[in-house]
Structures are given as C-alpha cells and as structure tokens.
Amino acid sequence: MRRHLLLVGLPGAGKTVAGELAARVLGAPFVDVDARIEAQQGRSIRQLFAERGEAAFRDLERHEVRAALDGEPCVAAPGGGWAAQPDNMEYAQGRALIIYLRAAAETAAARVAGESTRPLLDGGDPVARMRALLAERECHYTAADAAIATDGRTVDEVAAELVELARSQAGW
C-alpha cells in the first residue's frame, strides 16, 4: 500500500523543488501547502502573517496537511515550521513516510536569499536567523522516518533519493 511522502526541513532545504520533481517521476500529485493556503485565502503567506498572525497561519497549515494526508497518496511539502507545531508529526506518522531534507543554515539562507515570501526570516542576519530556526526545529525534523542531506547536491540528486525512498519504504 502506498503511503504519502511528507517532506520536512528548513525553508530552502529543497522541499518544494525536489518534492515536485519526485512527484512527477512517481506520477503522484504534489501538494505545496503554502501555495494551497495562498490560493484558498486569496492572500500571500506574508499577508496572512501580518493580518492574522502566525497562530492562525499554523491552523490553516495543519488543516491543509491533514486534508492532503487524508486523500490519495501524494508528495506533500508544508512550510518549514509545520513539524515543530504540537501533534503534527504524530498525526503524520503511519500515514506518511516523513523525510527530513537536511540543509545547513548557511545553505538554506543562500537558497532563499532575496525571496520576500518568508516572514519568519525577516530582520537581521539571514544566516543567524536560519541557525536559530534550525536550533528550534531540528529535534522535530529528526523525528522523521528518513533524512536526505541536500548540501552540495543538485535537485535531481535529491529527487532521485526521494523516489528511491518512496519505492523502497512507502510502497511506490
């Protein structure tokens, strides 16, 4: 029986780009949770944070991930903070193969440099901010079923490893 692939990790770890490519190879739907929330709410993640706050965004995110996990097997990529929210990882375990896309804070910061879509990375040194996020979240990320190092690797290499994990551990 096929299980979902659920990708966790820092912003810039490659969840969306590698996840999308792996889904294409597997012939599976790809669920970009942030994009789905933006489409449903008619506003950007940045606007949602500004207007409604992080807690409201996290509620929307939790709902969208659960909806994806209750549907047909897919590759899903929630935001980087999803894994650190209470009960989220526990809910996903058994329903999905959870894969931690591991990136150094420096790598992740370089990958998202210049993007204006990530409100939690605003202000100050982006590498320092990413290090703080990693320190806060890594214990949640490491609760995943598997991990893939993304530093110094191409999107194709990471996606190929995702496909291999899907086939060897998630019934694809």
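Residues numbered from 1 in each chain as written. Predicted model: local features only at pLDDT ≥ 70, side-chain atom pairs only at ≥ 80, totals over all residues. Heavy atoms only, no water.

Enquirer: Got a minute to help me understand the pattern of salt bridges in this structure?
Expert: Pairing is possible between side chains that carry opposite charge, provided their charged atoms lie close to one another. For the structure shown, the criterion picks out seven salt bridges. Across the pair Asp59 and Arg62 runs a salt bridge, and its minimum N-O distance is 2.9 Å. You can see Asp59 and its partner Arg62 sitting in helix α4 (residues 54-69), three residues apart, about one turn around the helix. Here Asp59 falls in the partly exposed class, since its relative accessible area comes to 46%. Residue Glu106 pairs with Arg131 through a salt bridge whose shortest N-O separation is 2.5 Å. Here Glu106, found in helix α6 (residues 105-112), pairs with Arg131, found in helix α7 (residues 126-141); they are 25 residues apart in sequence, far enough to count as distant. Of the residues examined, Glu106 reaches a relative accessible area of 39% and is grouped as partly exposed. One continuous salt-bridge network, built from bridges that share partners, spans Glu54, Arg58 and Glu61. (Salt bridge = Lys/Arg side-chain N within 4 Å of Asp/Glu carboxyl O. Helix = DSSP H or I, 4+ residues; strand = E, 2+ residues; numbered from the N terminus. Buried < 20%, exposed > 50% of the residue type's maximum accessible area, 1.4 Å probe, protein only.)

Enquirer: When you look at the packing of helix α1 (residues 15-26) against helix α8 (residues 155-169) in this model, what are you seeing that I'm missing?
Expert: When two helices pack together, their arrangement is given by the angle between the helix axes and by the axis-to-axis distance. Their axes nearest at 8 Å, the elements α1 and α8 cross at an angle of 50°. One finds that α1 runs oblique with respect to α8. In the packing of α1 onto α8, the handedness of the crossing is right-handed. In this structure, α1 uses Val17, Ala18, Gly19, Leu21, Ala22, Val25 and Leu26 to contact α8, whose residues at the interface are Val155, Asp156, Val158, Ala159, Leu162, Val163, Ala166 and Arg167. (Axes fitted to C-alpha atoms, helices over the stretch in contact; angles between N-to-C directions. Parallel < 35°, antiparallel > 145°, perpendicular 65-115°, else oblique. Left-handed = near helix turned anticlockwise from the far one by under 90°. Contact = heavy atoms within 4.5 Å.)

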